[in-house]
Each structure stands twice: as C-alpha cells, then as structure tokens.
Amino acid sequence: MTVGIYFATTTGKTEDIAERLHGLLDSAEGPKDISDVDDLSELAGHDGVICGIPTWNTGADSERSGTAWDSILEDIGELDLSGKKVAIFGLGDSSTYTENYCDAMEELHRYFQQAGASMVGYTAKTDYTFDESKSVVGEEFCGLPLDEDSESDMTDERLSGWAEKLKGEMF
Ligand SMILES: Cc1cc2nc3c(=O)[nH]c(=O)nc-3n(C[C@H](O)[C@H](O)[C@H](O)COP(=O)(O)O)c2cc1C
C-alpha cells in the first residue's frame, strides 16, 4: 500500500512538519507541495493521504488556509476517494489566534469526507489551550493541530504520538 504526504505553506512551517512526519513514517511518499500536483487524481492513486494545512484567513467561513488548498477544495470534493484513508494536520497559533485555532483543518476535512474518504487521525482537545476552533468536530479535533508559534516545545511529542496512531489507523 502507499501513503502520500501533501502540504501547502506560506512561511515554511507546515513543510517543515511534513518533513518531520515523513521521518517518523518513512514508508510514506513525499512530502510534496500540493501546488506542484497538476492532476488531483494523483491523490486517488494512494491508499492513504496525509495533508498539512496552515490557517491564515482568520475568521473566514471559507478559504481559511490562504494557501493553494483553498482553490482546490471543490475539486477534492468531486474525487472518488471511497476506500481511501485520509488524515489531516494543521498549523496555527493557539495564543494569538485563540478564537480561530487551526480553523482550516475542518474545511479540508469536510471536502475529503465529501469525496468519500475514511477520515482518521482525530485528536483529543484536552491537551490544548484555546478558546474556539472550527476544527473541533464533535468532541475531538478532526486532525492533529500543531502550534510552532506558541507551543513548539510540544510538537515533538504531539507529532510522534500522532505518527504512532496513524501506523495503527492508516498503514
Ligand atoms: C496574518 C496571520 C493570520 C493568521 N491567522 C491564524 C488563524 O486564524 N488561526 C491560527 O490558528 N493561526 C493563524 N496564524 C498562524 C499561522 O497559521 C502559523 O504561523 C502557521 O505556523 C503558519 O504556517 P506556514 O508557515 O506553513 O504558513 C496566522 C498568522 C498570521 C501571520
């Protein structure tokens, strides 16, 4: 089976995390910038897909990332990803943007769900300090939120714990 790691970034932090995740999941392919993907059917060629997305469009209802993900959301929703597993990680700042922490994850999650993907890699919100996040779906985050601005000292533990979880849920 193959798993691909894809990301978009504005200042490089999501790319850095994608590379660190690849170091923990060395059988995964990538990481690859989603803006370098010419044909989105490439995603359907994998058994599993891991996507990294930062939040920049603070408070927006739509196009919350401010990256290349925003312009392909609807195209993702039209893919047939039934039988595929998809996990999302998000970059944000839980201190400065505590009302909108990692909001963009939920938008990507929703379009992948629309494509029929089986979503994995949810994270309990108990170890996070924030006021609001659109990415809390039910009682959990719909992916892994990471904060390289205010809580970078927690990233190693969060990322390695998530990688272990994905080994069980996706690989
Ligand atoms: C203008 C601006 C707006 C931002 N808006 C949000 C936000 O609404 N929610 C959030 O969690 N983080 C927000 N952030 C923090 C970024 O998501 C964070 O710095 C992230 O690590 C950037 O990832 P990148 O380097 O991959 O682009 C914002 C940062 C800036 C500078």
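As a reminder, the structure under discussion sits directly above these lines.
In this report, we go over the structure that sits alongside the text. A quick note: this is a predicted structure, and the numbers were derived from the prediction, not measured. In this numbering scheme, every chain counts its residues from 1 along its sequence in written order. It should be noted that, the model being predicted, local features are given only for residues of pLDDT at least 70 and side-chain atom pairs only at 80 or more, the latter also being counted only at that level, while totals for whole chains, interfaces and linings use all residues. Hydrogens are left out, water is left out, and the side-chain values use all remaining heavy atoms of the structure.

1. Observations concerning the overall build of the protein
Here's step 1: The way it works is that DSSP assigns letters per residue, a run of H or I at least four long becomes a helix, a run of E at least two long becomes a strand, and they are numbered from the N terminus. Scanning the protein for helices and strands turns up 5 helices and 9 strands.
Here's step 2: Secondary structure of the protein in N-to-C order comes out as β-α-β-α-β-α-β-α-β-β-β-β-β-α.
Here's step 3: When we talk radius of gyration, it's over C-alpha atoms, and the globule rule is simply 2.2 Å times the number of residues to the 0.38. Taken over the C-alpha trace, the protein has a radius of gyration of 14 Å; the compact-globule value for 171 residues is 16 Å, and the two agree within 12%.
Here's step 4: Once the C-alpha set of the protein is aligned to its principal axes, its extents read approximately 40 × 30 × 30 Å.

2. Describing the pairing of strand 4 (residues 85-91)
Here's step 1: Most of strand 4 is tucked away, with 6 of its 7 residues classed as buried.
Here's step 2: Note that strand 3 (residues 48-54) and strand 4 share 7 bridges and pair parallel. Across the sheet, residue Gly 48 finds its bridge partner in strand 4, namely Lys 85.
Here's step 3: Handedness of the crossover is the feature at issue here: the chain leaves strand 4, passes through helix 4 (residues 104-114), returns alongside strand 5 (residues 118-120), and the resulting connection is right-handed. Buried, partly exposed and exposed residues are distinguished by accessible area as a fraction of the type maximum, computed with a 1.4 Å probe on protein chains only: under 20%, between the cut-offs, and over 50%, respectively. By the convention used here, strands pair only if DSSP detects at least 2 bridges between them. Here a crossover is taken to be right-handed if, once the strands point away from the viewer, the path from the first strand over the helix to the second is traced clockwise.

3. Some words on the pattern of salt bridges
Here's step 1: Basic side-chain nitrogens of Lys or Arg form a salt bridge, by our definition, when they fall within 4 Å of a carboxyl oxygen of Asp or Glu. This model, assessed by the stated rule, comprises 12 salt bridges.
Here's step 2: Put simply, Asp 149 and Lys 13 hold a salt bridge, and the shortest N to O gap is 2.7 Å. Taken together, the residues Asp 149 in the loop between strand 9 (144-146) and helix 5 (155-169) and Lys 13 in helix 1 (residues 13-24) connect sequence positions 136 residues apart.
Here's step 3: We classify Asp 149 as partly exposed; its relative accessible area is 43%.
Here's step 4: Here Glu 151 makes a salt bridge to Arg 158, at a shortest N to O gap of 2.9 Å.
Here's step 5: Arg 158 sits in the buried class, given a relative accessible area of 10%.
Here's step 6: Three or more residues are tied together by salt bridges with common partners; here these are Asp 16, Arg 20, Glu 148 and Asp 156.

4. Some thoughts on the packing of helix 1 against helix 5
Here's step 1: For the pair helix 1 and helix 5, interaxial distance at closest approach is 10 Å and the crossing angle is 50°. With respect to helix 5, the element helix 1 is oriented oblique. Viewed along their axes, helix 1 and helix 5 form a crossing whose handedness is right-handed. Contact with helix 1, carried on its side by Ile 17, Arg 20, Leu 21 and Leu 24, involves Thr 155, Asp 156, Leu 159, Ser 160, Trp 162, Ala 163 and Lys 167 of helix 5 and no other residues of that element.
Here's step 2: Split into classes, the residues belonging to the contact of helix 1 with helix 5 amount to 6 nonpolar, 2 polar and 3 charged. What counts as an axis is a line fitted to C-alpha atoms, over the stretch in contact for a helix, and the angles between N-to-C directions run from 0 to 180 degrees. For classification purposes, angles smaller than 35 degrees are called roughly parallel, those larger than 145 roughly antiparallel, those between 65 and 115 roughly perpendicular, and all remaining angles oblique. Crossing handedness is read from the near helix: turned anticlockwise from the far helix by less than a right angle, it gives a left-handed crossing, and turned clockwise, a right-handed one. Throughout, a residue-residue contact means that at least one pair of heavy atoms, one from each residue, lies within 4.5 Å. Throughout this entry, Asp, Glu, Lys and Arg are counted as charged residues, while Ala, Val, Leu, Ile, Met, Phe, Trp, Tyr, Cys and Pro are counted as nonpolar. The remaining residues, Gly among them, count as polar.

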